[in-house]
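# Coordinate inspection notes
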Amino acid sequence: MRSILVCPDDFLWRLLADADPSHFDVLHIVEEPRARARIAQRGGAVLVGDLERPSLYGRAFRTGHEPVLLAVERARQPRITAAIRRVAPDAPVVTLGDSLDAFAERILDPALERALTRLRVERIRAHFARAARVLILMQDDPDPDAIASALALKTVLGRSRTAATLATFGTITRAENRAMTRVLDIPVEAIKPRALEEYDMLAVVDAQPSFFEERIERVDFVVDHHPEETPVRAALKDIRPSYGATATILTEYLRAIDAKVPQRLATALLYGIKADTQHLERGATRADMDAFAFVHGLANHSALRRIERPELPDEALDVLARGIENRQVVNGVVFAHLGPVAYPELIAQFADFFLQVEGVEWSVVSGTVHGELHVSVRNVGYVRAAGEVVRQAFGDLGGAGGHRSMAKAVIRLRDWRARQGAATSRALAQGIVSRFTRALRG
């Protein structure tokens, strides 16, 4: 159904300039001939005339039931509403400032959000414009969301490979993530903390400065979807814990500035959103769904299948077998300690796997990696928030936290020994069960 927007000038047209015209049929009614010319030049449907004359609305209505939005000064509203009622007595009429109906929610709110996002992006780009070399830093073992977000930020900033470096202090360990960088040709450099001095500006994506063991003196921009456990100190920041993926935020950036999204970037963003939301089944919001739908049509799905089904190392099966053999279920929680593992992402991967055990609501999988104990936690989503329980269980020993349905803790073994005593596989498994069940009851 057509919607009628009444405004003396082209204010509403400019407000909706970013909205997708394929989703609605809008007729603008204006009073200024110049406004009519501007709207018509851009391909908009428009009528011009005295807003208080009924004859103008006689040309506008088709059925007499089209919704009308008024953006006029308060003193004129009664006269203009009366003119509309003369022609279409049953037409729903709302004014800016009143409680808007579904029409406004569907059209005006997204347009406003996109306009605000565009302003945010322009500010970010202006901040980085004077930098010759930019470093885009990810966590020590970047996941698909981080990699996709870093690649997208480089596109948002309009940077070439030499002018912006995607980097990590660690290495990419999980097979799928390595396949992602290889198949999509995404260069990620492993750097030392002292290399920060070689760059003019620093952006941190899908992480926060407090997540790193290394001290980072200055950060220009932080974009992340994890909770802000400690106040983030950065020149600019965009942290949205309600979002399921940082890639969703970057997709909104790209759409707001009408950036061309290459196929490999769309594929990366699609995989980043899928990975962090478990195919939109875990912690996904409407924003995640909209971003997913946008990049889905632009992505290379053949490449995505190659990424999602990488070769599984034979030793990973031995680790899984060990976890299955040592698993125990306590009051709806399945615990599995894997012992020493090659890389921490394997622990998170098996935490997802063990949540499929019949009758369980929680999966707690742990393992040791290079002198650290890693604990990955998953739940079905309708129980206590995983991040809250993990902080309560392990926060006094090391880094701990997360979202409603997924969380993790990373504890140095020497800190475990100082507080808990022995750090054998048996002692670690028993300690994790004891601490977690106590926190869950609490």
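Residues numbered from 1 in each chain as written. Predicted model: local features only at pLDDT ≥ 70, side-chain atom pairs only at ≥ 80, totals over all residues. Heavy atoms only, no water.

## Considerations on the overall build of the protein
Along the backbone of the protein there are 16 helices and 17 strands. Contacts in the protein between residues at least 24 apart in sequence constitute 61% of all its contacts with a sequence separation of at least 6. Counting only carbon and sulfur atoms, one obtains 48% of the accessible surface of the protein, whose full area is about 21,200 Å². Taking the 59 positively charged and 57 negatively charged side chains of the protein as two groups, their mean positions are separated by 2 Å. (Helix = DSSP H or I, 4+ residues; strand = E, 2+ residues; numbered from the N terminus. Contact = heavy atoms within 4.5 Å. Areas by Shrake-Rupley, 256 points an atom, 1.4 Å probe, with all protein chains shown as cover. Lys, Arg positive; Asp, Glu negative; His and termini not counted. Charge placed at Lys NZ, Arg CZ, Asp CG, Glu CD.)

## A few points about the packing of helix H12 (residues 314-326) against helix H13 (residues 345-354)
Two elements in contact, H12 and H13, have axes whose closest approach is 11 Å; the angle formed by their N-to-C orientations is 50°. One finds that H12 runs oblique with respect to H13. Of the two possible hands of crossing, H12 and H13 adopt the one that is right-handed. Contacts from Ala316, Val319, Leu320, Gly323 and Ile324 of H12 reach H13 at Leu346, Phe350, Phe353 and Phe354. The class makeup of the residues in the contact of H12 with H13 is eight nonpolar, one polar and no charged. (Axes fitted to C-alpha atoms, helices over the stretch in contact; angles between N-to-C directions. Parallel < 35°, antiparallel > 145°, perpendicular 65-115°, else oblique. Left-handed = near helix turned anticlockwise from the far one by under 90°. Nonpolar A, V, L, I, M, F, W, Y, C, P; charged D, E, K, R; others polar.)

## Looking at helix H4 (residues 77-87)
Since the α-helix advances by 3.6 residues per turn, residues separated by three or four positions end up pointing in the same direction. Among the residues of H4, Gln77, Ile80, Ala83 and Ile84 are the ones counted as buried. Buried residues of H4, viewed axially, fall in a sector of 130°; they line one side. What points out from H4, more than 90 degrees from its buried face, is the exposed set Pro78 and Arg86. Among the structural elements, strand E1 (2-6), helix H3 (54-58), strand E4 (68-70) and strand E5 (93-95) are those in contact with the buried residues of H4. (Buried < 20%, exposed > 50% of the residue type's maximum accessible area, 1.4 Å probe, protein only. Arc of directions from axis to C-beta.)

## Remarks on helix H16 (residues 425-441)
Taking 1.5 Å of rise per residue, 17 residues should cover 24 Å, and H16 covers 24 Å from first to last C-alpha, within 8% of that figure. When H16 is considered as a whole, its buried residues turn out to be Leu428, Ala429, Gly431, Ile432, Val433, Arg435, Phe436, Thr437 and Ala439. In this fold, the buried residues of H16 make contact with strand E12 (328-330), strand E13 (333-340), strand E14 (362-369), strand E15 (372-379), helix H14 (386-394) and helix H15 (413-420). (Expected span 1.5 Å × (residues − 1).)

## Points about the side chain of Gln349
Looking at the secondary structure, you find Gln349 in helix H13. In terms of polar contacts, Gln349 uses its side chain to reach the side chain of Glu176, at 3.4 Å. Apart from residues no more than four positions distant in its own chain, Gln349 is found in contact with Arg174 and Glu176. (Polar contact = N/O pair within 3.5 Å; in protein donor to acceptor, adjacent residues only side chain to side chain.)

## Here we look at the sheet that holds strand E11 (residues 236-239)
Strand order in the open sheet formed by six strands is E8-E7-E6-E9-E10-E11, and the pairing between neighbours is parallel. Edge positions in the sheet fall to strand E8 (189-190) and E11, since each has one partner strand and no second. Summarising the sheet, strand E10 (residues 221-224) and E11 pair through four bridges and their orientation is parallel. By the bridge assignment, Asp224 is partnered in E11 with Ile239. Along the sheet face, helix H6 (residues 144-156) touches strand E6 (134-138), strand E7 (164-168), strand E9 (201-205) and E10 and points at about 165° away from the line of E6. Together, E10 and E11 form the strand contacts of helix H8 (residues 246-256), whose direction differs from that of E10 by roughly 115°. (Pairing = 2+ DSSP bridges.)

## A short note on the sheet that holds E13
Spatially, E12-E13-E14-E15-E17-E16 is the arrangement adopted by the six strands of the open sheet, whose pairing is mixed. The open sheet terminates on both sides in strands that have one partner only, identified here as E12 and strand E16 (399-402). The mean inter-strand angle of the sheet, taken between neighbouring strand axes irrespective of direction, is 15°. Summarising the sheet, E14 and E15 pair through eight bridges and their orientation is antiparallel. By the bridge assignment for E15, Val365 is matched with Ser376.

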